[in-house]
Amino acid sequence: LFARTVNTAPPHKKPKVAAITGTNGKSTTTALLGHVLSAAGRDARIGGNIGVGVLDLADMHGGAVYVLECSSYQLDLTSSLKADAALLLNISPDHLDRHGDMDGYVAAKRRVLLNQGPGDTAIMGVDDPYSQRLCTEVTSANRRTIWPVSAGRALGRGVYALSGVLYDATGERVIEVADLNRARSLPGRHNWQNAAAAYAAARALGVSARDAGEGLMSFPGLAHRMETVATVDRVRFINDSKATNADAARQAMAATPRFRWIAGGIAKAGGIEPLADLFPKIVKAYLIGEAAPAFGRTLEGAAPYARFSTLDAAVAAAFADAEASGEDEVVLLSPACASFDQYPDFEKRGDAFKASVRSLTGELRESAA
């Protein structure tokens, strides 16, 4: 799958490859690493499961970097990928219909490390049990440099964030890199893990600590991932359409104090039950798509909700309710579902949400006139 793109140049001129996978955070980390490399003056090309397909990327000169987002589907089908920097961010249940069970899913994700050897770097999240166990197994094999990353605890070696402050412990002494609380496009603990992984990969690819830290702070953010679309009167609209499972939705929900939640689509295994601890933050849920009846049953008695046939109707109702409250409010699209019952992909769903918000601003202008 990857051979034509990454192995075309002679060995002494071959561009570097960074391959990123994980259940959540792949796209943000891929875009973030590409931004950090470009800001440091490197020729970085982003592709794979984001943007341009791997086999459509042009051949590049030595010193350039392919930054590839790799899904479990793609990894399951490749045997030729050899990443100079392989990033495995996290693992939680997903795509079990494809891989059969968690063992199959973990095995697919592990293939991002395939063919690595001395001189290569594996960057591995250790904030969930599956990834932590895999990091231990890979470390015992000792075939490459291994840098664990964490967004919640100090590490003896690797890169970690504590309360949003990023530290580099890959060398002889620990370096404080950046205060991610000041990075407007990287809010929340999940983004601190993304930043730690992208920083580690940039360092593994030869970027200085200073340049890598500055690149993190200047990242403009990723469309459809905790993207503030507009503030209409006192109502802020956030597009988190990229949240196609409960774990991804948790990240936006945890980072938002209270919100009106638009959710639904085609639910993954477990639905939204794992989010029950966050239900008290929901002012009201506006449920759409195939999952709406099941989500309503889960929310019964825990948070008020209503069901809608379209996203447009849900946006309009959430805005009307928020306006009537007379308070500062947030309307959060974080579906915790795939989009395929109503949209071809999460991007089209996010674009539809943004179009609905834009129509609200037009209606307000007309009513004022």
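1. Structural notes on the overall build of the protein chain
Right, on to step 1. Of regular secondary structure, the protein chain possesses twelve helices and 17 strands.
Right, on to step 2. Scored against the burial criterion, the 369 residues of the protein chain give a buried share of 53%.
Right, on to step 3. Accessible area of the protein chain: about 15500 Å², with a carbon and sulfur share of 50%.

2. Digging into the environment of Asp 345
Right, on to step 1. With respect to the helices and strands, Asp 345 occurs in the loop between strand E17 (337–338) and helix H12 (346–368).
Right, on to step 2. Here Asp 345 falls in the partly exposed class, since its relative accessible area comes to 23%.
Right, on to step 3. A sequence separation of 103 residues divides Asp 345 from Lys 242, and the C-alpha atoms of the two residues are 9.2 Å apart.
Right, on to step 4. The residues touching Asp 345, leaving out its near neighbours within four places in the chain, are Ser 339 and Phe 340.
Right, on to step 5. One polar contact links the side chain of Asp 345 to the main-chain amide nitrogen of Lys 348, over a distance of 2.7 Å.

3. Focus on the sheet that holds strand E14 (residues 282–288)
Right, on to step 1. Spatially, E10-E11-E16-E12-E14-E15 is the arrangement adopted by the six strands of the open sheet, whose pairing is mixed. Either end of the sheet is taken by a strand with one partner, and the two such strands are strand E10 (227–232) and strand E15 (305–307). Here the average twist between neighbouring strands, direction ignored, is 20 degrees.
Right, on to step 2. Where E14 meets E15, three bridges bridge the pair, whose relative direction is parallel. Bridging from a neighbouring strand, Ala 285 pairs with Tyr 305 of E15.
Right, on to step 3. Contacts between helix H10 (residues 292–299) and the sheet are confined to strand E12 (259–264), E14 and E15, with E14 contributing the most and set at about 155 degrees to the helix.

4. Brief notes about the side chain of Ser 92
Right, on to step 1. Of note, Ser 92 is situated in the loop between strand E4 (85–88) and helix H4 (96–99).
Right, on to step 2. There is a polar contact of 2.6 Å between the side chain of Ser 92 and the side chain of Asp 247.
Right, on to step 3. Setting aside residues up to four positions removed in sequence, Ser 92 forms contacts with Thr 23, Asn 24, Met 102, Tyr 105 and Asp 247.

5. A look at the pairing of strand E11 (residues 235–239)
Right, on to step 1. Most of E11 is tucked away, with four of its five residues classed as buried.
Right, on to step 2. Sheet analysis places E10 next to E11, joined by five bridges and oriented antiparallel. Looking at E11, one finds that Val 232 is bridged to Val 235.
Right, on to step 3. Of the pairings in the sheet, the one linking E11 to strand E16 (residues 329–333) comprises five bridges and is parallel in character. Pairing of Arg 236 across the sheet is with Val 330, part of E16.

6. Observations concerning the pattern of salt bridges
Right, on to step 1. What the rule picks out here adds up to 14 salt bridges.
Right, on to step 2. We note a salt bridge from Asp 84 to Lys 16, for which the minimum N-O separation is 4.0 Å. Note that Asp 84 is positioned in the loop between helix H3 (72–76) and E4 and Lys 16 in strand E1 (residues 16–21), a separation of 68 residues in sequence.
Right, on to step 3. The partly exposed category is assigned to Lys 16, whose relative accessible area is 37%.
Right, on to step 4. Lys 354 is paired through a salt bridge with Glu 227; the nearest N and O atoms lie 3.3 Å apart. Highlighted residues: Lys 354 in helix H12 and Glu 227 in strand E10, separated in sequence by 127 residues.
Right, on to step 5. A relative accessible area of 16% places Lys 354 in the buried class.
Right, on to step 6. Residues joined in a network through salt bridges with shared partners are Arg 258, Arg 260, Glu 327 and Glu 329.

7. Points about the sheet that holds strand E2 (residues 44–48)
Right, on to step 1. Ordered in space as E2-E3-E1-E4-E5-E6-E7-E8-E9, the nine strands form an open sheet in which the pairing is mixed. For this open sheet the edge positions go to E2 and strand E9 (175–179), each flanked by a neighbour on one side alone. Across the sheet, the axes of successive neighbouring strands diverge by a mean angle of 15 degrees, strand direction being ignored.
Right, on to step 2. Where strand E5 (residues 121–125) lies against strand E6 (residues 145–150), five bridges are found, and the strand directions are parallel. The residue of E6 that forms the bridge with Gly 125 is Val 149.
Right, on to step 3. In this fold helix H6 (residues 129–141) packs onto E4, E5 and E6, with an angle of close to 155 degrees to the strand it touches most, E5.

So, how was this worked out
Residues numbered from 1 in each chain as written. Predicted model: local features only at pLDDT ≥ 70, side-chain atom pairs only at ≥ 80, totals over all residues. Heavy atoms only, no water. Helix = DSSP H or I, 4+ residues; strand = E, 2+ residues; numbered from the N terminus. Buried < 20%, exposed > 50% of the residue type's maximum accessible area, 1.4 Å probe, protein only. Areas by Shrake-Rupley, 256 points an atom, 1.4 Å probe, with all protein chains shown as cover. Contact = heavy atoms within 4.5 Å. Polar contact = N/O pair within 3.5 Å; in protein donor to acceptor, adjacent residues only side chain to side chain. Pairing = 2+ DSSP bridges. Axes fitted to C-alpha atoms, helices over the stretch in contact; angles between N-to-C directions. Salt bridge = Lys/Arg side-chain N within 4 Å of Asp/Glu carboxyl O.

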